[in-house]
Amino acid sequence: MWVLLRGGYPLRILLPLRGEWMGRRGLPRSLAPGPPRRRYRKEALPALEVPVLPVTATEIRQYLRARGIPFQDGHSCLRAPSPFVKALPLKDQNGATASFSLFIDKTTGRFLCMTSLAEGSWEDFQASVEGRGDGAREGVLLSEAPEVEDSEEVRRIWDRAVPLWELPEPEEAQLARVMFGLTRVTDDTLRRFNVRYLRPARSLVFPWLSPGGLGLRGLKLLGAEGQGDGVHYKETTIPRPGVYHNLFGLPLISRRDVELVLTSRELDSLALNQSTGLPTLALPRGTACLPPALLPYLEQFRRIVLWLGDDLRSWEAAKLFARKLNPKRCSLVRPGDRQPRPLEALNRGLSLSRILRTALPAWHKSIVSFRQLREEVLGELSDVEQAAGIRWNRFPDLNRLLKGHRKGELTVFTGPTGSGKTTFISEYALDLCTQGVNTLWGSFEISNVRLARVMLTQFAVGRLEEQLDKYDEWADRFEDLPLYFMTFHGQQSIRTVIDTMQHAVYVYDICHVVIDNLQFMMGHEPLSTDRIAAQDYIVGAFRKFATDNSCHVTLVIHPRKEDDDKELQTASIFGSAKASQEADNVLILQDRKLVTGPGKRYLQVSKNRFDGDVGVFPLEFNKSSLTFSIPPKSKARLKKVKDDNGLATKKPSSGKKGAVPQNSETCLDQAHQPCQPDPSKPSR
Ligand SMILES: Nc1ncnc2c1ncn2[C@@H]1O[C@H](COP(=O)(O)OP(=O)(O)OP(=O)(O)O)[C@@H](O)[C@H]1O
C-alpha cells in the first residue's frame, strides 16, 4: 500500500528511484527469488465459497446443545472445548475458559482452535464431532503453513534486517527515522515490537510471529520513496496479502487485557502503545478489510477503540468493522484536524489519551437525533471530495456526471441486447477494483472464465492471445486484485444470491457487487406468475441489501422490447417504475449505430440522486483491448468540457490517501496505459 506521508516532517529527502536493482516484490534482487515464480493454485480465480446451506448462530447453538458440548456466547464467536486438543481437567470457571480454545464464528460457522491452530468449515467441525470421514483430525486444515519457498525468503530477509540502533552509520538511522516519521518513537518501543530495518531495500520490517511469539510466519516490509515534495510508503507482505493474517502486536497482548485500540498501520500502533501504554494491534491490510479469521483473537476484549486514520474512508471502514466486532463493545475515533492518525498525533505533540477519550460509541438505536448525526454531516461537508466517492481512472466523463462511486448506492444499468453491457460494466468495475474497491461479481449469463478473460484483456489493455509469454505476469497482478466471483450460472433464487452477497460482505469486506443480470433471478421466484411484481421484489431486495450493508450494488437489467431505431429511456427498463425509483443512479448504454455507424456507443446518465447531474458522453469500443475508455483523440473535446466546468483548473487533492487525480489530462493518459497498479492505493 502506498500512503502519502502527512504531517510536519522534512520531506525534501532524496531517495533512489526504484530501478533495475529491484526484484518482483520490490525487494533487492539479491533477496528476491530468481526466475519469475509460478505457484500452483487449485483455483486460478478467487471464486466465492459459500456453504450450500448457510448456518445461523441459532443452529450452531442448537447443534452444540444437542451434542452436549458446553459453550460460551462471545461477541462474534462461540467458545467451546476444542476436540483437537487433549481435554484439561475443568476445575473452576477460569480453568473452563482457558480450555475453551475452540472459536466458532457465529456468522459463518468456521472454527479455529487457538491451541492446535486447526481450522475449518462448520461442516468440517460437524464431521469431526460425529467421527465421520477419516477421523477427527483429518477433516480439518491446519492453519495454512507458509510455503517452503516463502518461509525461506522470510527467514533470509529477517536475518539480514537489523534493529535501527544497530545500523553502523548513525546518519543512516536518523534518515530512516525521519523518512518513516519515527523521530519520536523510542528504541525501546521498536525493541518491544521487534521492528527491524532492511538496509538494501530501505524498508522497515514488521514480523508476523506465531502465537507465543516463537515462530516467524511472515513479514511486512514498509518502504519509503521520495515523490516530488512528499514521501510515499509502499507495503509488501510475505506471504501475499490475501493470506497475510497478522495482527501486528499480538505477542504483547496479555490474556488479562480487556481493552484494545485497533489501528490500520503498524507505525500507528507503535505511537499509540508508546504514548498511552494501552494494548494495541494493527490490522494486516489497513482499512481494506477485517478478515473474520482474525476475530477469535479479538474476542477477549470487552472494549475496542478503532482509530484507523484521518480520512472519510477510514471512518467508513471503522463503522463497517465495528459491525463485525459487535458495535456494542466498539468506539470510534472520528477523523478531524485535531484528531489525526496516531503517529501524526504523536509527532505533533498532541495527547493521544485525550483523543482516545473523545471516541464515539459505534452502537446506537434505530432512531437517531441530529445531535448524533451532526458530526457525520460535518465530516461529509469538510471532505467533499471523499464524500463523492472513488473516481474512475478510465472514465473521466463518468466522474464529471456521477462525481464518484459511493458505498450504499444502487446503480441500475441497461442497454439494448448485445450492445456491450457486460463488456462495459466489466471495465467500469475493474477500474474501481484496481483502486482497492473489494468487488464481487455475479455473472449469471456468461461463465466466470469468459468474464475473467474479458477483464484480464481490459486490465492489460491489449490482446493477450498474441503475447502469451506475458500471460503469467498479467495473471499474477490480476490475481492480487480484491476481486471475487460467485460461482452461480443460470437461474438462481434471489434468497441464495443475497445470502451469498451477505457472506461475501462479512468475509471479504465487499463494497461493490455487480449482478449481471437481474432476469436470472426471476425464474425461481414464487411470484413468477407476475413477472413485474417479481422484478419489483428483487429490486427491493437489492436496494435493502445496499443500504443495510453500506455496499454499492450495480444491477444490469434488460430493457423492454422497443423499436430498434429508438433511444432507450429510463422508462424503457423492463418492469414497472420501481427499478428506476429505487435506484440512486440509472445508466443507459445507448446504441446509435444506425446513425453513427457500428461500434459507436454513448453512455447516458439518466438519474443521479447524489447531485442531480445527468448527461451523455461517447464511448468508443476498442476491439482488441475490449475497452470503452476514452480514446486519446477525444482529449481536446473533453478538456474543453472540463474547462467549461472549471474542473480542469482544479488542483489534485492535497495528497490524502484515497484521493485520485482530478486533472482531466492525467485521467485520459491513464485511460490507455496498461493498468499499472495505482501507487496511492492498496497494492494487492
Ligand atoms: N461497441 C461495440 N462494438 C462492437 N462490438 C462490441 C461493442 N461492445 C461490445 N462488443 C462485443 O459484442 C459482444 C457482446 O457484448 P456483451 O456481452 O458485452 O453485450 P451485452 O449487452 O451484455 O449482451 P446481452 O444483451 O446478451 O447481455 C462481445 O463479443 C463484445 O466484445
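Reading guide: rules and limits
- Note that residues are indexed from 1 along each chain, following the sequence as it is written.
- With pLDDT at 70 or above as the cut-off, local features in this predicted model cover only qualifying residues; side-chain atom pairs require 80 or more to be listed or tallied, and sums for whole chains, interfaces and linings still use all residues.
- Hydrogens and waters are ignored; side-chain quantities use all the structure's heavy atoms.
- Per the convention used, a helix needs a DSSP run of H or I reaching at least four residues, while a strand needs a run of E reaching at least two, with both numbered from the N terminus.
- For every residue, the accessible area obtained with a 1.4 Å probe (protein chains only) is divided by the maximum for its type, and the residue is called buried under 20%, exposed over 50%, and partly exposed between those limits.
- Contacts are assigned to residue pairs with any non-hydrogen atoms lying within 4.5 Å of each other.
- Working definition of accessibility: Shrake-Rupley area with a 1.4 Å probe, residue cover restricted to the visible protein chains.
- In plain words, nonpolar cores are sets of buried Ala, Val, Leu, Ile, Met, Phe, Trp, Tyr and Cys residues tied together by side-chain atoms within 4.5 Å.
- Only a single heavy atom is needed: when it lies within 4 Å of a molecule or strand, its residue is near that molecule or strand.
- Nitrogen and oxygen atoms within 3.5 Å of one another constitute a polar contact, given that in protein one can donate a hydrogen and the other can accept it, and given that sequence-neighbouring residues count only through two side-chain atoms.
- Amino acids are sorted into nonpolar (Ala, Val, Leu, Ile, Met, Phe, Trp, Tyr, Cys and Pro), charged (Asp, Glu, Lys and Arg) and polar (every other residue, Gly among them).
- Strand pairing follows a simple DSSP-based rule, namely that at least 2 bridges must link the two strands.
- Helix axes are fitted to C-alpha atoms over the stretch in contact, other axes to C-alpha atoms as well, and angles between N-to-C directions run from 0 to 180 degrees.
- A side-chain nitrogen of Lys or Arg and a carboxyl oxygen of Asp or Glu constitute a salt bridge if their distance falls within 4 Å.
- For classification purposes, angles smaller than 35 degrees are called roughly parallel, those larger than 145 roughly antiparallel, those between 65 and 115 roughly perpendicular, and all remaining angles oblique.
- Crossing handedness is defined as follows: a turn of the near helix away from the far one that is anticlockwise and smaller than a right angle gives a left-handed crossing, while the clockwise case is right-handed.
- Each Phe, Tyr or Trp ring (for Trp, its six-membered ring) is paired with any other whose centre lies within 6.5 Å, and the angle between the two planes then decides the class: stacked below 30 degrees, edge-to-face above 60, tilted in between.
- Charges are assigned to positions over rings by a cutoff of 6 Å between ring centre and Lys NZ or Arg CZ, combined with an angular limit of 35 degrees from the ring normal.

An unreviewed UniProt entry lists the protein under the name Twinkle mtDNA helicase, from Acinonyx jubatus.

A short note on the overall build of the protein
For the protein, the count of helices and strands is 23 helices and 24 strands. Relative to its 684 residues, the protein shows a buried fraction of 55%. Within the protein, residue pairs in contact and separated by at least 24 positions form 68% of the contacts whose partners lie at least 6 positions apart. A total accessible area of about 30700 Å² is found for the protein, and carbon and sulfur atoms account for 53% of it.

A closer look at the nonpolar core
In terms of nonpolar packing, the biggest core is built from 38 residues, with L398, F424, Y428, W441 and L603 touching the most fellow members. Top contributing element to this core by residue count: helix α15 (residues 421-433), with 7 residues. Apart from residues no more than four positions distant in its own chain, L603 is found in contact with L398, F413, F424, L587, I588, L589, G615, V616, F617 and L619. Ranked by size, the runner-up nonpolar core spans 36 residues in total, among them V185, A271, L346 and L356.

Some points on the site of the ligand
In the neighbourhood of the ligand, 15 residues make up the surrounding shell, with G418, K421, T422, T423 and E445 lying closest. In this structure, an oxygen atom belonging to the ligand sits 2.9 Å away from a side-chain N or O atom of K421. Take T423: an N or O atom from its side chain is 2.5 Å from an oxygen atom of the ligand. For the shell around the ligand, the leading source of residues is α15, giving 3 residues. Here the shell around the ligand is built from residues that sort into 4 nonpolar, 8 polar and 3 charged.

Some thoughts on the sheet that holds strand β20 (residues 512-516)
Reading across from one edge, β19-β18-β20-β21-β17-β22-β23-β24 is the order of the 8 strands in this open sheet, with mixed pairing throughout. Either end of the sheet is taken by a strand with one partner, and the two such strands are β19 (483-485) and β24 (615-620). When strand polarity is set aside, the average angle formed by the axes of neighbouring strands in this sheet is 20 degrees. Bridge analysis of strand β17 (residues 410-414) against strand β22 (residues 585-591) gives 4 bridges, and the strand direction is parallel. Residue pairing for β22: T411 is matched across the bridge by N585. Contacts from α15 reach β17, β18 (439-443), β19, β20, β21 (552-556), β22, β23 (600-608) and β24 within the one sheet, and its direction differs from that of β20 by about 170 degrees. Contacts from helix α18 (residues 494-508) reach β18, β19, β20 and β21, with the element oriented near 155 degrees to β20.

With respect to the pattern of salt bridges
Between side chains of opposite charge, a pair can form as their charged atoms come close. Following the criterion strictly, the structure yields 27 salt bridges and no others. Note that R67 is salt-bridged to E130, the shortest N-O span being 3.8 Å. Taken together, the positions of R67 in the loop between α1 (57-66) and β2 (72-73) and E130 in the loop between α3 (122-129) and β7 (141-142) put the pair 63 residues apart, joining distant regions of the chain. Owing to a relative accessible area of 46%, R67 belongs among the partly exposed residues under this scheme. Residue classification places E130 among the partly exposed residues on the basis of a relative accessible area of 28%. Across the salt bridge formed by D548 and K544, the nearest N and O atoms sit 2.6 Å from each other.

Things to note about the packing of α1 against α3
Look at α1 against α3: their axes get within 12 Å of each other, and the N-to-C directions meet at 5 degrees. The angle between the axes of α1 and α3 places the two elements in the roughly parallel class. Across the interface between the two elements, I60, Y63 and L64 from α1 touch W122, F125, Q126 and V129 from α3. Residue classes in the contact of α1 with α3 are distributed as 6 nonpolar, 1 polar and no charged.

Examining the environment of R217
Mapped onto the elements of the fold, R217 is located in strand β10 (residues 216-227). Separated by 27 residues in the primary sequence, R217 and Y244 have C-alpha atoms spaced 9.1 Å apart.

Topic: the sheet that holds strand β13 (residues 280-282)
The sheet built from 5 strands is open, its strands ordered β13-β12-β14-β15-β16 with mixed pairing. Strand pairing shows two members of the sheet lacking a second neighbour, β13 and β16 (360-361), which therefore form its edges. Sheet topology places strand β14 (residues 303-307) next to strand β15 (residues 330-332); 3 bridges connect them, and they run parallel. For I304, the partnering residue across the bridge sits in β15 and is C330. Its contacts with the sheet put helix α7 (residues 266-276) on β12 (259-263), β13 and β14, and the angle it makes with β13 is roughly 170 degrees.

Observations regarding the packing of α18 against helix α19 (residues 531-549)
Following both chains from N to C, one finds α18 and α19 inclined at 10 degrees, their axes separated by 11 Å at the closest point. Classified by the interaxial angle, the pair formed by α18 and α19 is roughly parallel. Both α18 and α19 take part in a crossing whose hand is right-handed. Facing α18, whose interface residues are I494, V497, I498, M501, Q502 and V505, α19 presents Y537, I538, A541, F542, F545 and N549. A class-by-class count of the residues in the contact of α18 with α19 yields 10 nonpolar, 2 polar and no charged.

Observations regarding the packing of aromatic side chains
On inspection of all chains with the given rule, the structure shows 17 aromatic pairs. Connected via pairs of aromatic rings, a cluster forms that spans W392, F395, F413, F424, Y428, F621 and F628. Just above the ring of W158 sits the side chain of R196; from NZ or CZ to the centre is 3.9 Å. Across from the ring centre of W315, 4.2 Å away, lies the NZ or CZ of R334, which sits over that ring.

Comments concerning the pairing of β24
Inspection of the sheet shows β23 paired to β24 by 6 bridges, in the antiparallel sense. Counted as the bridge partner of Y602 is P618 from β24. Here β23 hands over to β24 after 6 residues, with G612 in that stretch at a positive phi of 85 degrees.

Here we look at the environment of N608
In this structure, N608 sits in strand β23. Spatially, the C-alpha atom of N608 lies 9.6 Å from that of K403, the residues being 205 residues apart in sequence. If near-sequence neighbours (up to four positions away) are discounted, N608 is found in contact with L401, L402, R406, D584, N585, D613 and V614. Within the structure, N608 has its side chain in polar contact with the side chain of D611 (distance 2.9 Å).

Some words on α7
An α-helix turns once every 3.6 residues. As a result, residues three or four positions apart point the same way. Across the 11 residues of α7, 8 count as buried, placing the element largely inside the fold. For α7, every residue scored as buried is listed here: E266, L267, D268, S269, L270, A271, L272 and N273. A positive backbone phi angle near 75 degrees is found at G277, which sits one or two residues after α7.

Side note on the pairing of strand β4 (residues 102-105)
Burial of β4 is two-sided: the residues L102 and I104 facing one way and the residues F103 and D105 facing the other way are all buried. Here strand β3 (residues 77-80) runs beside β4; their pairing, made up of 4 bridges, is antiparallel. Bridging from a neighbouring strand, R79 pairs with F103 of β4. Bridge count for β4 against strand β5 (residues 111-113) is 3 bridges, and the pairing is antiparallel. Note that in β5 the partner of F103 across the bridge is L112. In this antiparallel pair of consecutive strands, β4 and β5, the connection spans 5 residues, and G109 shows a positive phi of 85 degrees.

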